[in-house]
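# Examination of the molecular architecture
If you want the building blocks of each chain, they are given just below.
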Amino acid sequence: MATPLPINIGRLTQIAGFELVRMFLTKRGLIALAAFALVWLIILRYPIGQAVGIVSAPDFEQIARDISGSIGLSKLLDWPEAEFAMYWLIALYSFPIFSVFICSDQTVGDRERGTLRFLSLRSTRFEILFGRFLGQLAVLACLVGITLVATLAVLGFRDPSLLAGGFTRALSIFLILVVTLCPFVALMTLINTFARSSRLSIVLAILYFTAGGIVVGILQWQIPALGMLDYLFPGVQIELLAGQNLPLLSAVAIPLIQTAVLLSVAQRVFARSSL
């Protein structure tokens, strides 16, 4: 029996870097980037580019204050950087959905091509699994950073005096968004350990959130004490986070704990699975 290879940071970095190459330097990745760019150009041009008029409109303000009891949107009206207030709402809900699709092929493609067994001869399974997770998270972090820079440019074009505060706001949004995306990427890492195709992994993720949500909702209806089951789903804190009604510690701790649990389960499944 072969002796397991020790964990090597260099190999881990190479595996993670491959995900960046696959996204930014391959034809398939560039096509996905082009589609992503077109969508965000529209978002930047309309909801974000016209954020001042939208946020300051009496109808929007009234709606925000009417529903402030549920998610507290009224707090966003106090942001001087209206563009980032609009960005925050859009990105907080769209990037988790986008991450499910972009992270659907972490290891299943290599398993289908038979290259996963080859990789395991030169890297530990932990390095393969965690390296792919880090690589996909790095890709999403790059995309979040690009959209934030574009939003900062829109803000600077409207009012250059807000750039200093906008940069600080952009940095805080970047950090919270990346942490929020961690459990979504980890969930796809787990699903990739037993799914047989990237399409199936997307379907399984959708079923996890929809069918799983229905089952948990029924259980909570019968036994209210089972409310903690909500934490089985990544993004459980997003509704409160959207309105800035969640303490920073909780906003960071919840997704990080979910990520650690999902990656631990994924590692156990992957260590026992056939390559």
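Preceding this section is the structure that the text describes.
Residues numbered from 1 in each chain as written. Predicted model: local features only at pLDDT ≥ 70, side-chain atom pairs only at ≥ 80, totals over all residues. Heavy atoms only, no water.

### Things to note about the pattern of salt bridges
A side chain of one charge can pair with a side chain of the opposite charge when the charged atoms of the two come close. Under the criterion given, the structure shown has eight salt bridges. For Glu 127, the salt bridge is made with Arg 11, and the minimal N-O distance between the two is 2.9 Å. A residue pair is termed long-range when its members are at least 10 positions apart, and Glu 127 in helix α8 (residues 125–158) and Arg 11 in helix α1 (residues 9–24) qualify at 116 residues. Its relative accessible area of 0% is what places Glu 127 among the buried residues. In this structure, Arg 132 engages Glu 19 in a salt bridge whose closest nitrogen and oxygen atoms are separated by 3.0 Å. Of the two residues, Arg 132 sits in helix α8 while Glu 19 sits in helix α1, which places them 113 residues apart along the sequence. The exposure class of Arg 132 is buried, given its relative accessible area of 3%. The network of salt bridges with shared partners includes Glu 19, Arg 22, Asp 105, Asp 110, Arg 113 and Arg 132. (Salt bridge = Lys/Arg side-chain N within 4 Å of Asp/Glu carboxyl O. Helix = DSSP H or I, 4+ residues; strand = E, 2+ residues; numbered from the N terminus. Buried < 20%, exposed > 50% of the residue type's maximum accessible area, 1.4 Å probe, protein only.)

### Description of the side chain of Asn 192
Looking at where Asn 192 falls in the secondary structure, it is placed in helix α9 (residues 163–192). Judged by its relative accessible area of 0%, Asn 192 falls in the buried class. Separated by 3.4 Å, the side chain of Asn 192 and the backbone nitrogen of Val 108 make a polar contact. Apart from the residues within four sequence positions on either side, Asn 192 is in contact with Cys 103, Ser 104, Asp 105, Gln 106, Thr 107, Val 108, Arg 111 and Ser 201. (Polar contact = N/O pair within 3.5 Å; in protein donor to acceptor, adjacent residues only side chain to side chain. Contact = heavy atoms within 4.5 Å.)

### Some thoughts on the packing of α9 against helix α12 (residues 248–272)
α12 packs onto α9 with a crossing angle of 20° between their chain directions and a minimal axis gap of 8 Å. Taken together, the axes of α9 and α12 lie roughly parallel to each other. Relative to α12, the crossing made by α9 is left-handed. For the pair formed by α9 and α12, the contact residues are Ile 176, Val 179, Thr 180, Cys 182, Pro 183, Ala 186, Leu 187, Thr 189 and Leu 190 on the first element and Leu 248, Ala 251, Val 252, Pro 255, Leu 256, Gln 258, Thr 259, Leu 262, Leu 263, Val 265, Ala 266 and Val 269 on the second. Class assignment for the residues of the contact of α9 with α12 results in 17 nonpolar, four polar and no charged. (Axes fitted to C-alpha atoms, helices over the stretch in contact; angles between N-to-C directions. Parallel < 35°, antiparallel > 145°, perpendicular 65-115°, else oblique. Left-handed = near helix turned anticlockwise from the far one by under 90°. Nonpolar A, V, L, I, M, F, W, Y, C, P; charged D, E, K, R; others polar.)

Purely geometric stuff here, so don't read any function into it on its own.
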